[in-house]
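Structure assessment
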Amino acid sequence: MATIRKALVIGAGIGGLTTAAGLLRQGIETEVFEARRSPGLLLTGGGFMLWHNAFLALRRIGLDEAVAADSVRMRFHEFRSDTGRRLARWHLDGPTERCGAPACALRRSSLHTVLTEAVGEHRMRLGSRLTGYTEDGDGVTAHFADGSSARGDVLIGADGLRSTVRAEMRRGFEPPPRYAGYTAWQAITRLPGETLVPTGTFFNLWGRGGLRFLYCRLNEKEVYWDAITSDRASAGIDTVRRGRRDALAAAYRRWPDPVGRIIASTEEEAILPVAIHDRPPRGGWAHGRVVLVGDAAHPMTLNLSQGAGQAIESGVALAAVLGRTRPADVPRALRAFEESRASRAADMVTTSWRIGTLGLVHSAPLCRLRDLMMYAFFDSVARGQSYGLMLDGRLERGPVPPAGAAVGAVPGGTG
Ligand SMILES: Cc1cc2nc3c(=O)[nH]c(=O)nc-3n(C[C@H](O)[C@H](O)[C@H](O)COP(=O)(O)OP(=O)(O)OC[C@H]3O[C@@H](n4cnc5c(N)ncnc54)[C@H](O)[C@@H]3O)c2cc1C
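Residues numbered from 1 in each chain as written. Predicted model: local features only at pLDDT ≥ 70, side-chain atom pairs only at ≥ 80, totals over all residues.

**A few points about the overall build of the chain**
Counted only if it meets this: We count a stretch as a helix when DSSP gives it H or I for four or more residues in a row; a strand needs E for two or more, and each element gets its number in order from the N terminus. When we talk radius of gyration, it's over C-alpha atoms, and the globule rule is simply 2.2 Å times the number of residues to the 0.38. Each residue is classed by its C-beta neighbour count within 10 Å, where at least 20 other C-beta atoms makes it buried, 12 or fewer makes it exposed, and intermediate counts make it partly exposed; the C-beta atoms are placed from backbone geometry. Remark: residues whose backbone-derived C-beta atoms lie within 7 Å of one another are considered to be in contact.
Of regular secondary structure, the chain possesses 15 helices and 19 strands. Taking 415 residues into account, the globule formula puts the C-alpha radius of gyration at 22 Å, and the chain, at 21 Å, falls close to it. A principal-axis box enclosing the C-alpha atoms of the chain has dimensions of 65 × 50 × 35 Å. Across the 415 residues of the chain, 49% fall into the buried class. If you take every contact in the chain between residues at least 6 apart in sequence, the share linking residues at least 24 apart comes to 74%.

**Side note on the sheet that holds strand S17 (residues 272–278)**
So the rule is basically this: When DSSP finds two or more bridges between a pair of strands, those strands are recorded as paired. A fitted line through C-alpha atoms serves as each axis, taken over the contacting stretch for helices, and the angle formed by two N-to-C directions is quoted from 0 to 180°.
In space, the seven strands of this open sheet follow the order S6-S5-S14-S15-S16-S13-S17, with mixed pairing throughout. Taken across any chain shown, the strands that pair with only one partner, and hence form the sheet edges, are strand S6 (86–91) and S17. The mean inter-strand angle of the sheet, taken between neighbouring strand axes irrespective of direction, is 20°. For strand S13 (residues 178–190) and strand S16 (residues 222–230), the ladder comprises nine bridges, and the chain directions are antiparallel. Bridging from a neighbouring strand, Arg190 pairs with Glu222 of S16. Packed on one face of the sheet, helix H14 (residues 364–391) meets strand S5 (76–81), S6 and strand S14 (201–206) and runs near 10° to S6.

**With respect to helix H12 (residues 307–322)**
Here is the rule we go by: One fewer than the residue count of a helix, multiplied by 1.5 Å, yields its expected span.
Relative to the 22 Å expected for 16 residues at 1.5 Å per residue, H12 spans 22 Å between its end C-alpha atoms, a close match to the ideal helical length. Summarising burial for H12: 16 of the 16 residues are buried, a large majority.

**Section: the packing of helix H1 (residues 14–25) against H12**
Using the following cut-off: Our angle categories are set so that under 35 degrees counts as roughly parallel, over 145 as roughly antiparallel, 65 to 115 as roughly perpendicular, and the remainder as oblique. Here is the rule for handedness: rotate from the far helix to the near one, and if that takes an anticlockwise turn smaller than a right angle the crossing is left-handed, while a clockwise turn gives right-handed. The classification used treats Ala, Val, Leu, Ile, Met, Phe, Trp, Tyr, Cys and Pro as nonpolar, Asp, Glu, Lys and Arg as charged, and all other residues, Gly among them, as polar.
At a closest axis distance of 8 Å, the pairing of H1 and H12 adopts a crossing angle of 30°. Between H1 and H12, the angle falls in the class roughly parallel. Along this stretch, H1 crosses H12, giving a crossing that reads as right-handed. Of H12, the residues touching H1 (which contributes Ile14, Gly15, Thr18, Thr19, Gly22, Leu23 and Arg25) are Ala308, Ala311, Ile312, Ser314, Gly315, Val316, Leu318, Ala319, Ala320 and Leu322. Class assignment for the residues of the contact of H1 with H12 results in ten nonpolar, six polar and one charged.

**Thoughts on the site of the ligand**
We apply this condition: Residue proximity rests on one test: whether the C-beta atom, placed from the backbone, lies within 6 Å of the molecule or strand.
Gly11, Gly13, Gly160, Gly294 and Gly307 are the nearest of the 34 residues found near the ligand. Among the secondary structure elements, those contributing two or more residues to the shell around the ligand are H1, strand S2 (29–34), strand S3 (47–50), S13 and H12. Looking at the shell around the ligand, the element that brings in the most residues is H12, giving four residues. Classifying every residue of the shell around the ligand gives 16 nonpolar, twelve polar and six charged.

**Concerning the sheet that holds strand S11 (residues 149–152)**
Pairing in this open sheet of three strands is antiparallel, and the strands run S9-S10-S11 from one edge to the other. Taken across any chain shown, the strands that pair with only one partner, and hence form the sheet edges, are strand S9 (130–136) and S11. Looking at each pair of strands side by side, their axes are set apart by 20° on average, direction ignored. Relative to S11, strand S10 (residues 139–144) is paired through four bridges, and the arrangement is antiparallel. Its bridge partner lying in S11, Ala142 is registered against Ala150.

**Structural notes on the environment of Leu205**
Mapped onto the elements, Leu205 comes out in strand S14. Residue classification places Leu205 among the buried positions, given that 23 C-beta atoms sit within 10 Å. Along the chain, Leu205 and Ala227 lie 22 residues apart, while their C-alpha atoms are 9.5 Å from each other.

**So, the nonpolar core**
The following threshold applies: Residues of type Ala, Val, Leu, Ile, Met, Phe, Trp, Tyr and Cys that are buried and joined through C-beta atoms within 7 Å form what is called a nonpolar core.
Counting 116 residues, the largest nonpolar core has Ile10, Ala105, Ile156, Phe213, Tyr215, Val291 and Leu322 as the members making the most contacts within it. Counting six residues, the second-largest nonpolar core is a separate cluster that includes Met300, Leu304, Ala342 and Val349.

**So, the packing of helix H3 (residues 52–60) against H12**
Look at H3 against H12: their axes get within 9 Å of each other, and the N-to-C directions meet at 25°. By the angle class used here, H3 and H12 are roughly parallel. Crossing of H3 against H12: the hand is left-handed. Listed contacts from H12 to Asn53, Ala54, Ala57, Leu58 and Arg60 of H3 are Ala308, Gly309, Ile312, Glu313 and Val316. A breakdown of the residues in the contact of H3 with H12 according to their chemical character gives six nonpolar, two polar and two charged.

**Some words on the environment of Pro177**
Looking at where Pro177 falls in the secondary structure, it is placed in the loop between helix H7 (164–169) and S13. A tally of 17 C-beta atoms within 10 Å means that Pro177 is categorised as partly exposed. In this structure the C-alpha to C-alpha distance between Pro177 and Ala187, which are ten residues apart in sequence, comes to 24 Å. In this view, Pro177 contacts Leu161, Arg162, His277, Asp278, Arg279 and Pro299; residues no more than four positions away in its chain are not counted.

**Focus on the pairing of strand S1 (residues 6–10)**
Defined as follows: Looking down the strands as they point away from the viewer, one classifies a crossover as right-handed if the path from the first strand across the helix to the second runs clockwise.
Burial within S1 is extensive, with four of its five residues counted as buried. Where S1 and S2 come together, five bridges link them in parallel fashion. Paired with Lys6 across the strands is Glu29, a residue of S2. This β-α-β element, S1 to H1 to S2, shows right-handed connectivity. Judged from the four bridges that link them, S1 and strand S12 (residues 154–157) form a sheet pairing that is parallel. Considered in S12, the bridge of Val9 is made with Ile156.

Quick look at the structure:
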């Protein structure tokens, strides 16, 4: 069967590069167009978590081991209050063994490097900002800001939260992303000390007054952290007069060790605030020969640590579908891809949004109630629900063999 000849991927983030790596593995000629001008600019950003489902998806394109090699395996996910009281502690070794894939923390740039190597820099056109596309019976042409164009059988919009491809697909009738009401101040700091921040635990602290704090060790020397502040809390964080680090240190001054030490150890310029957005699930990722993946399709808040995980799952599933599609069948295949992924991605978006609203609670009595609920239910009900969503029955089905052996399915994916 003659499969498609050429795919155009717009955006060299995690979604675009994963899709491109999957397509190349299927033998499909692929070019990636990225607005940013230099590889250095692509390698920015802090650390993050990749859960078991992301590694299972990466395994399908043979990249799980390379990504795991530069990551630190997480053995516990621990929830605490802002007084230091432990509310819940999830043991991650059991699920890791049962599904056969780890949960890891890593630098965003490490994942990017592995994906870029898999795609090959010669297939990436940096400094190419898509401005629009035109489609006809047997192909699609992408148009770029520098006046150039490119033609392929399919165009994949992996251009993030404020996707141009998405806006073009909707002919401009697209509401802006939905603001979640909080900001994540993220950074990586140099902070050795196993007793201060032990390797292998992802700490998730929930406080009063609209404050949260996440942190974990990335390697012997570095710690990744995220201070999440509601709008009301952010209003009291005066970064103009005091600078980001001192303003955050003041906001978190009553929090238990090592929060203050982590903030104090961080370089001012390393702290990057990101206003958190998503889009209410609405579908419509596929139209004709054009399709969306990653944040362009299903952006979500950071509360489940699944945005990149879902971008990876979508990219792998899309590549698998296109690998068995004839050029004339592309529109039908893209609709089938969307159908296979939409409900899972929508569940992630909705659940993540709901968790985020718990962090907007300000009053001390309501926060105490939230702590009590977390203490009572997070080790049982919440863990079960979270793993049910993440692994979609995978724990019951047992470990997935390495790539090259029998290939495991992406939860909610095709193939
Ligand atoms: C603070 C924070 C913490 C997070 N933590 C986690 C976590 O722990 N785990 C997790 O799984 N997820 C996490 N996420 C979510 C994750 O970062 C995103 O879901 C993921 O990066 C989306 O990847 P993407 O490739 O779809 O989009 P992006 O990373 O936004 O990439 C889009 C690319 O397209 C390019 N582009 C844009 N417009 C154009 C154009 N017109 N032409 C050409 N190129 C264009 C951009 O330059 C960019 O390189 C977090 C997000 C935030 C904000």
